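# Analysis of the macromolecular model
These are the residues of each chain, in order.
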2 protein chains.
Amino acid sequence: MAHTGEFDLIERISARFDPAPEVTGIGDDCAVIPQKSGLDTLVTTDLLIEDRHFLLGDISPEDLGWKSAAVNISDIASMGGKAESAFLSIALPPGTAAQWVDAFIGGFKALSDRCGVVLLGGDTSASPDKLFINITLLGSCPHGKAVRRSGAREGDLVCVTGPLGDSAGGLKLILERSARAHSEVSDSLPPSSGDACETLIRRHYRPEPKIAEGQRLAALAGLHAMMDISDGIASDLRHILKASGVSAEINLSDIPLSAELLSICRSRGWDAGELAVSGGEDYELLFTMAPGTEPDIPYWPIGRIVRGNEGNIRWIGGNKTEYQGFTHF
Amino acid sequence: MAHTGEFDLIERISARFDPAPEVTGIGDDCAVIPQKSGLDTLVTTDLLIEDRHFLLGDISPEDLGWKSAAVNISDIASMGGKAESAFLSIALPPGTAAQWVDAFIGGFKALSDRCGVVLLGGDTSASPDKLFINITLLGSCPHGKAVRRSGAREGDLVCVTGPLGDSAGGLKLILERSARAHSEVSDSLPPSSGDACETLIRRHYRPEPKIAEGQRLAALAGLHAMMDISDGIASDLRHILKASGVSAEINLSDIPLSAELLSICRSRGWDAGELAVSGGEDYELLFTMAPGTEPDIPYWPIGRIVRGNEGNIRWIGGNKTEYQGFTHF
């Protein structure tokens, strides 16, 4: 098996991508991208670190490549932008196989292609120990039309673009499976629920950033604030509230939950509502809009922006008054 | 001493930078930068990894911050561009002190300010082990005027913007000093040469990217190819030759060497020419131009582009026929 020291990693990666002729990508000191008046450039960057953001033994290289692209593309989606070009820095642990790199790039490219993203550059290195990935993603939107977190207004509806908690449920299943693989006693574990399990695990590993939805929402006059749900709405909504100087009331019973999540939670005694509110990495969009605004995409109103600049969330209809989002630090 | 888990790292960093009012920087999902017609966006990204690109015990946080900015700004300089905005991802080992972060950002900002670069975003994380830094830098140049590696033509002069080998000499001094600190027997070591040592060490830790020089060179009609010297000309010139389908002859006696490097090499029995050719990280510019072109900056012609699409370099005036550049893999 060829190891990363034995092949030209950059050629191996760049051969898979084919930028537009007016763009200079991999192979010089910088990528060169023509600017267009009337547009704003959007830039986001995300670190993914072994044993911090993922466990190498639990995620396939294809899924890791997909997810690395997804978390960044989702940030562009959350501003209502078009995702365009990616810059991938990757530091590989000793002995990483060429096949691993190919599979990683395959997953990265599968989602990038679907979202119109081309890899234009990056950096590669050996890592002394852990795998490190950093992706910078560039996109664009009409000038002045990026949807920020700071625009929420009293009376706005708070909405999401899809069911929450699936990714957190998928992660619990992955950890359960991983523990089972390391355990001698497997009889006492709850039965697997087949397809529903696979669906949630897939939602965790292969989130689908809402690029088209973000652009359609951003075009609405009544759309006031937006972000993507990476740390769970308990944490993410608070960012919107603080940036906007408002508070919110959320009806827990209005939060959309998938049939798969409900089924798995029933069989395992997990709290689906807790996973939906505090679990992260769904990469759905969370937005606030004036009442009467009618998005032409599926969406679920889950609450309302209210007066009060403390950034408080009042959770209605549940047995808890406080939820925590997921934080890395 | 406050540790990184105990303070808001992002606020700590963003409070130091103040972007122009038309730009949205840190605090939303993406930075938002207006595009201007008639310009091209330049993008470069670089990974810096503890124990791979630097030793934490040997470099101060200020110097590491400076150098992290320098290696990226130099890539923009090498295309003839203006450096504009930076995105810093940093993963900190357990127990990193807040003071360390402040000093790192201080060094990063000192060079960024001088070059007109503003930090507009990034990502932070705890690292399970080593320190990882990734910087993405955006810049711009007039549309179609980025100087690529691929334009060198037969008959061009090959030139550099300053003395070579200082950084490699500085690195040797740092390693010597580090070995001495770990050694019981210090009497047999060569005497330190004071200021000359400090100059070379400073050239290694605090390279000065040639942003103004790159822009002035790029404006010349006769300027055909350019890159920055990061791995040593033995390696870097070959990139230009291969991209351009030409070969080169280099006169070793024409390569500019600083008085400090000559003095240190004399006292230690080191080969200054070898350091100049094979040592990297000088971050001077290496360019080729039509004879008769007259740059209005200091520069040194060191050879000529010749026929032959093999990318060969003939070294004239030395006792070696082959030099290797520095490679990370």
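About the criteria used
- Residues numbered from 1 in each chain as written.
- Chains lettered and ligands numbered in written order.
- Predicted model: local features only at pLDDT ≥ 70, side-chain atom pairs only at ≥ 80, totals over all residues.
- Heavy atoms only, no water.
- Helix = DSSP H or I, 4+ residues; strand = E, 2+ residues; numbered from the N terminus.
- Buried < 20%, exposed > 50% of the residue type's maximum accessible area, 1.4 Å probe, protein only.
- Contact = heavy atoms within 4.5 Å.
- Buried area = accessible area lost by both parts, 1.4 Å probe.
- Salt bridge = Lys/Arg side-chain N within 4 Å of Asp/Glu carboxyl O.
- Pairing = 2+ DSSP bridges.
- Axes fitted to C-alpha atoms, helices over the stretch in contact; angles between N-to-C directions.
- Parallel < 35°, antiparallel > 145°, perpendicular 65-115°, else oblique.
- Nonpolar A, V, L, I, M, F, W, Y, C, P; charged D, E, K, R; others polar.
- Expected span 1.5 Å × (residues − 1).
- Disulfide = S-S within 2.5 Å.
- pLDDT = per-residue confidence, 0-100.
- Core = buried A, V, L, I, M, F, W, Y, C linked by side-chain atoms within 4.5 Å.
- Patch = residues over 30% accessible without salt bridge, like charges linked within 9 Å, V, L, I, M, F, W, Y side chains within 5 Å.
- Areas by Shrake-Rupley, 256 points an atom, 1.4 Å probe, with all protein chains shown as cover.
- Arc of directions from axis to C-beta.
- Least-squares fit on C-alpha atoms with pLDDT ≥ 70 in both.

### What about the environment of L42 of chain B?
Position of L42 of chain B relative to the elements: it lies in strand β2 (residues 39-49). According to the relative accessible area criterion, L42 of chain B is buried, its value standing at 0%. A C-alpha to C-alpha distance of 31 Å links L42 of chain B and D8 of chain B, two positions 34 residues apart in sequence. Residues in contact with L42 of chain B, not counting those within four places in the same chain, are C30, A31 and V32 of chain A together with I76, M79, G81, L137, L138, G139, S140, C141 and A146 of chain B.

### Re the interface of chain A and chain B
Tallying the contact residues gives 58 residues for chain A and 58 residues for chain B. A buried area of about 4900 Å², summed over both sides, lies between chain A and chain B, and 58% of it is on carbon and sulfur atoms. Summed over the shared surface of chain A and chain B, the result is two salt bridges. The closest approach of N and O atoms between D29 of chain A and R149 of chain B, which form a salt bridge, is 3.0 Å. Taken together, the elements giving at least two residues each to the side of chain A that touches chain B come down to β1 (31-34), β2 (39-49), α2 (61-78), β3 (82-92), β4 (118-126), β5 (132-142) and β7 (223-228) of chain A.

### A word on the sheet that holds β4 of chain A
If you trace the five strands from one edge of the open sheet to the other, you get β4(A)-β3(A)-β5(A)-β2(A)-β1(B), paired in mixed fashion. Strands at the two margins of the open sheet, each flanked by one partner only, are β4 of chain A together with β1 (31-34) of chain B. Averaged over all adjacent pairs, the angle separating strand axes in this sheet is 15°, with direction ignored. Of the strands in this sheet, β3, β4 and β5 of chain A are in contact with helix α3 (residues 98-115) of chain A, which crosses β3 of chain A at around 170°.

### Some thoughts on the packing of helix α4 (residues 166-181) of chain A against helix α5 (residues 195-205) of chain A
All names here are of chain A. As a packed pair, α4 and α5 sit with axes 7 Å apart at the nearest point and diverge in direction by 110°. By the angle class used here, α4 and α5 are roughly perpendicular. Between α4, through D166, S167, G169, G170, L171, L173, I174 and R177, and α5, the contact on the second element is made entirely by C197, L200, I201, R203, H204 and Y205. Considering only residue class, the contact of α4 with α5 consists of seven nonpolar, four polar and three charged.

### As for the pattern of salt bridges
Once their charged atoms are close, side chains differing in charge can pair, the charge on each being opposite to the other. Under the counting rule described, the total for this entry stands at 28 salt bridges over all chains. For the salt bridge of K130 of chain B with D51 of chain B, the shortest nitrogen-to-oxygen distance reads 2.8 Å. Taken together, the residues K130 of chain B in the loop between β4 (118-126) and β5 (132-142) and D51 of chain B in the loop between β2 and α2 (61-78) connect sequence positions 79 residues apart. Given a relative accessible area of 39%, D51 of chain B falls into the partly exposed group. Across the pair K67 of chain B and E281 of chain B runs a salt bridge whose closest N-O atoms are separated by 3.4 Å. One end of the pair, K67 of chain B, is in helix α2; the other, E281 of chain B, is in the loop between α9 (272-278) and β9 (285-289), with 214 residues separating them in the sequence. Comparing K67 of chain B with E281 of chain B shows no difference in burial state: the two are buried. Several salt bridges converge on common partners, so that one network encompasses E176, R180 and R268 of chain A.

### So, α3 of chain A
Since one α-helical turn is 3.6 residues long, residues separated by three or four positions face the same way. Residues and elements named next belong to chain A. Here α3 contains 18 residues, and its C-alpha end-to-end distance of 26 Å stays within 8% of the 26 Å for a straight helix at 1.5 Å per residue. Buried within α3 are the following residues: A98, W100, V101, A103, F104, I105, G107, F108, K109, L111, S112 and C115. Backbone geometry just after α3 places G116 at a positive phi near 75°.

### Some thoughts on the sheet that holds strand β8 (residues 247-251) of chain B
Residue and element names in this part refer to chain B. Pairing in this open sheet of six strands is mixed, and the strands run β7-β9-β6-β10-β8-β11 from one edge to the other. In this open sheet, the two strands that pair with only one neighbour each are β7 (223-228) and β11 (313-316). For this sheet, the mean angle separating the axes of adjacent strands, direction not counted, is 25°. Most of the contacts of α2 go to β7, to which it runs at about 175°, and overall it touches β7 and β9. In the packing of helix α7 (residues 233-244) onto the sheet, contacts are made with β6 (157-160), β7, β8, β9, β10 (300-306) and β11, and the angle to β11 comes to roughly 135°.

### As for the environment of A70 of chain A
Residue and element names in this part refer to chain A. Mapped onto the fold, A70 is located in helix α2. Since its relative accessible area comes to 0%, A70 is described here as buried. Remark: the alpha-carbon pair of A70 and F108, spanning 38 residues in sequence, is separated by 8.4 Å. Sequence-distant contacts of A70, that is, excluding residues within four places in its chain, are made with L111, P207 and P209.

### What about the state of the cysteines?
If you walk through the whole model with that rule in mind, you get zero disulfides over all chains. The thiol sulfur of C265 of chain B is not disulfide-bonded, and the nearest other cysteine sulfur, from C197 of chain B, lies at 11 Å.

### Quick word on the confidence of the model for chain A
Residues and elements named next belong to chain A. Summing up the model confidence of chain A, the mean pLDDT is 88 and the portion of residues at 70 or higher is 86%. Every residue in residues 1-6 scores below 50 in pLDDT, and together they form 14 contacts with partners more than four places removed in sequence or on other chains. Interface predicted TM-score (ipTM) for the complex: 0.88; the corresponding pTM is 0.89.

### Here we look at the nonpolar core
Counting residues in each nonpolar core, the largest one holds 63 residues, and the members touching the most others are I73 and I133 of chain B. The element that contributes the greatest number of residues to this core is α2 of chain B, accounting for eight residues. Leave out the neighbours within four places in its chain, and I133 of chain B touches D46, L47, L48, F54, L64, S68, L88, S89, I90 and F104 of chain B. Counting residues in each nonpolar core, the second largest holds 62 residues, with I59, V117, L137 and C159 of chain A among its members.

### As for a nonpolar patch on the surface
Together, L55, L171 and L175 of chain A make up a nonpolar patch on the protein surface, roughly 230 Å² of accessible area in all. Its location among the elements puts L175 of chain A in helix α4.

### Notes on α5 of chain A
All of the buried residues in α5 of chain A are A196, C197, L200, I201, H204 and Y205 of chain A. Along α5 of chain A, the residues classed as buried sweep out an arc of 165° about the axis, all on the same side.

### Some words on the relation of the copies chain A and chain B
Taken as rigid bodies, chain A and chain B are interconverted by a rotation of 180° and an axial shift of 0.0 Å, the fit giving an RMSD of 0.0 Å. What the superposition gives is, in effect, a two-fold axis relating one chain to the other. For chain A, the minimum C-alpha distance to the rotation axis belongs to S37 of chain A and amounts to 2.3 Å.

### Notes on the pairing of β9 of chain B
Residue and element names in this part refer to chain B. Most of β9 sits inside the fold, with five of its five residues counted as buried. Where burial is concerned, the two faces of β9 agree: the one with L285, F287 and M289 and the one with L286 and T288 are both buried. With four bridges joining them, β6 and β9 adopt antiparallel strand pairing. When the bridges of β9 are listed, C159 appears paired with F287.

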